[in-house]
Amino acid sequence: MKGVVLTGHRTCEVRDFPEPSAGHGEVVIRIDATGICGSDLHVYRGDRDMGQIGGHEPCGTVVELGEGIVRLQEGDRVTVHHHHGCGVCEQCARGETVRCRYRHQVYGVGRPGSFAEYMAAGEANCIPLPEPLTFADGVCMACVGTTAYAALRRIEARAHETLAVFGLGPVGLSCVLVGKAMGLRVAGVDVIDERIELGAVCGADEVIDGREQGVVERILAFSRTPGIDRAEGVDCLVETSGATSAREWMIPSIRRNGRIAIVGVGDDDRVINPTEIHGKACTIIGSVVFSLGWSWDFARFLVESGMSFEPMVTHRFALEDAPEALATADSGRCGKVLIMP
Ligand SMILES: [Zn+2]
Ligand SMILES: [Zn+2]
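Please read all numbers here as calculations on a predicted model, not as lab measurements.

*Asks:* Would you mind going over the overall build of the protein chain in detail, with residue names and values included?
*Replies:* A tally of helices and strands in the protein chain yields eleven helices and 17 strands. The C-alpha atoms of the protein chain give 20 Å as radius of gyration, which agrees with the globular expectation for 341 residues (20 Å, within 12%). Considered along the principal axes of its C-alpha atoms, the protein chain spans approximately 60 × 40 × 35 Å. Put simply, 67% of the contacts in the protein chain that link residues at least 6 apart link residues at least 24 apart.

So this is what it looks like as structure tokens:
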């Protein structure tokens, strides 16, 4: 079968690999769609040849069952949580495979990934993808979409609150879509024309161009509930850009007692002032991926709410066109980029 290897220095290669077989407790999935994620781009822009198939946003159809399979059947549509654990330690028991100390592997990094026609995956990592959900939904459930859901859940975002999303890449756009589906009023901020447009396509109530002056003032004006309060700041804020300028806007944009999640990886500048945190009595948390249990919750959320990730998908490429797919995602002038093997 064909598989794509990230070879560093903004290159990748489509190579021939043997088809995987299902080990104990594993299934083989025919990959129907996979996505390019920001973390793939960190590798793509780096100088390492990964030497194995990349990609950690798999979804597709179960075609082979290994020994000891309990729940899955051939033909099941699934999406795959991208952090694989030992399955028996305390963290794995809590569904926090991302923190497994014994056998933590990420698809596409520690074990073969989803930029391929087939991939072997642990049964515990496979989350149902019922019929109303599309393969694009499945791709986003594997990583970026559930990361957004987890950030909003950790800051206890509630219906009819206000939310600001800094950065409208795939994670930020996911925050817009999920925030709207949760019933919040949402403002997005970005500095790339295509992403500003996509913010509106994904349902943001207001999209602010971060290149212009007065970003904080516009968020404060957006946060106001007429007849109730002055422009006091949003209740919830998710920072996905990693940019120093955006991080400087966080505390001035938040309401007293508001909640902020930092999701974006980026600059190391120290821009947060403890006196300002105290003054706003706000909560700031770091939010990194999600547990297996929350993947099940999010699958249920998508079916019950009728939400779809389709509005943020801007490009679909064949597996052989992976070099073009990666270059497109690298440009930033796009929403979610999919590869359809
Ligand atoms: Zn990812
Ligand atoms: Zn473990």
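*Asks:* I'd like a rundown of the domain arrangement of the protein chain, residues and numbers included.
*Replies:* Splitting the protein chain by domain gives domain 1 (2-143 + 290-340) and domain 2 (146-286). The partner domain 2 presents 16 residues to the 19 residues of domain 1 that form the contact. Counting only elements with at least two residues in the side of domain 1 that touches domain 2, the list comes to α3 (135-142) and α10 (292-305). Among the elements that line the side of domain 1 that touches domain 2, the one with the most residues is α10, at five residues. Looking at the side of domain 1 that touches domain 2 residue by residue, the class counts come to twelve nonpolar, five polar and two charged.

*Asks:* Can you tell me about the sheet that holds strand β14 (residues 254-262), naming the residues and giving the values?
*Replies:* Taken together, six strands build an open sheet; the order of strands is β12-β11-β10-β13-β14-β15 and the sheet is parallel. A strand with exactly one partner marks an edge of an open sheet, and here the two such strands are β12 (206-209) and β15 (283-286). Neighbour-to-neighbour, the strand axes of the sheet open up by a mean angle of 15°, direction not taken into account. Summarising the sheet, strand β13 (residues 234-239) and β14 pair through five bridges and their orientation is parallel.

*Asks:* Quick rundown of the pairing of strand β16 (residues 313-318)? Include the residues and the values.
*Replies:* For a regular strand, side chains alternate in direction, first toward one face of the sheet and then toward the other. Inspection of the sheet shows β16 paired to strand β17 (residues 336-340) by five bridges, in the parallel sense. Its bridge partner being in β17, Ala318 is matched across the sheet by Met340. Between β16 and its parallel partner β17, the chain crosses via helix α11 (residues 322-331), and the hand of that crossover is right-handed.

*Asks:* How would you summarise the packing of helix α4 (residues 144-154) against helix α5 (residues 170-182) if you had to cite specific residues and measurements?
*Replies:* Between α4 and α5, whose axes approach to 8 Å, the crossing angle comes to 55°. In terms of their interaxial angle, α4 and α5 are classed as oblique. In the crossing of α4 with α5, the sense of the turn from one axis to the other is right-handed. Residues Val144, Gly145, Thr147, Ala148, Tyr149, Ala151 and Leu152 of α4 touch α5, and the partners they reach there are Pro170, Val171, Ser174, Cys175, Val178, Gly179 and Met182. Broken down by class, the residue content of the contact of α4 with α5 amounts to ten nonpolar, four polar and no charged.

*Asks:* Report on the environment of Thr244, specifying residues and quantitative values.
*Replies:* Tracing the chain through its elements places Thr244 in helix α8 (residues 244-253). When the C-alpha atoms of Thr244 and Asp137 are compared, they prove to be 31 Å apart, with 107 residues separating the residues in sequence. Setting aside its immediate chain neighbours within four residues, Thr244 contacts Asp267, Asp269 and Val271.

*Asks:* Any chance you could break down the environment of Ala187 for me, citing the residues and the numbers?
*Replies:* If you trace the backbone, Ala187 turns up in strand β11 (residues 185-190). When near neighbours in sequence (up to four residues on either side) are disregarded, Ala187 contacts Ala164, Ala204, Asp205, Glu206, Ile208, Ile219 and Phe222.

*Asks:* Residues and numbers for unusual backbone geometry, please.
*Replies:* In this structure, Arg10 is a non-glycine residue whose phi angle is positive, near 60°. In this fold, Arg10 is placed in the loop between β1 (2-8) and β2 (11-16). Residue Arg10 is classed as partly exposed on the basis of its C-beta count, with 14 C-beta atoms lying within 10 Å. Not every positive phi belongs to a glycine, and Ala281 is a case in point at roughly 50°. Relative to the helices and strands, Ala281 is located in the loop between α9 (274-280) and β15.

*Asks:* Tell me about the pairing of strand β8 (residues 118-122), and please be specific about residues and values.
*Replies:* In terms of burial, β8 is a largely internal element, four of the five residues being buried. Looking at chain direction, strand β3 (residues 26-35) and β8 are connected through five bridges and run antiparallel. Bridge pairing in β8 links Glu26 to Gly122.

*Asks:* Lay out α11 with the relevant residues and their values.
*Replies:* Inspection of α11 places Ala322, Ala325, Leu326 and Ala329 among the buried residues, and these make up the whole buried set. The buried residues of α11 all sit within an arc of 95° when viewed along its axis, so they share a single face. Looking at the buried positions of α11, the neighbouring elements they touch are β1, β2, α1 (38-45), β16 and β17. Just past α11, the residue Gly332 takes up positive phi, approximately 75°.

*Asks:* Tell me about the packing of α4 against α10, and name the residues and values.
*Replies:* Running from N to C, α4 and α10 point in directions that differ by 95°, and their axes come no closer than 10 Å. By the angle between their axes, α4 is roughly perpendicular relative to α10. Two secondary-structure elements touch here, α4 through Thr146, Tyr149 and Ala150 and α10 through Trp294, Ser295, Phe298 and Phe301. By residue class, the composition of the contact of α4 with α10 is five nonpolar, two polar and no charged.

Conventions we followed
- Residues numbered from 1 in each chain as written.
- Chains lettered and ligands numbered in written order.
- Predicted model: local features only at pLDDT ≥ 70, side-chain atom pairs only at ≥ 80, totals over all residues.
- Helix = DSSP H or I, 4+ residues; strand = E, 2+ residues; numbered from the N terminus.
- Rg over C-alpha atoms; globule rule 2.2 N^0.38 Å.
- Contact = placed C-beta atoms within 7 Å.
- Domains from an automatic or database assignment.
- Nonpolar A, V, L, I, M, F, W, Y, C, P; charged D, E, K, R; others polar.
- Pairing = 2+ DSSP bridges.
- Axes fitted to C-alpha atoms, helices over the stretch in contact; angles between N-to-C directions.
- Right-handed = clockwise from strand over helix to strand, strands pointing away.
- Parallel < 35°, antiparallel > 145°, perpendicular 65-115°, else oblique.
- Left-handed = near helix turned anticlockwise from the far one by under 90°.
- Buried ≥ 20, exposed ≤ 12 C-beta atoms within 10 Å, placed from the backbone.
- Arc of directions from axis to C-beta.

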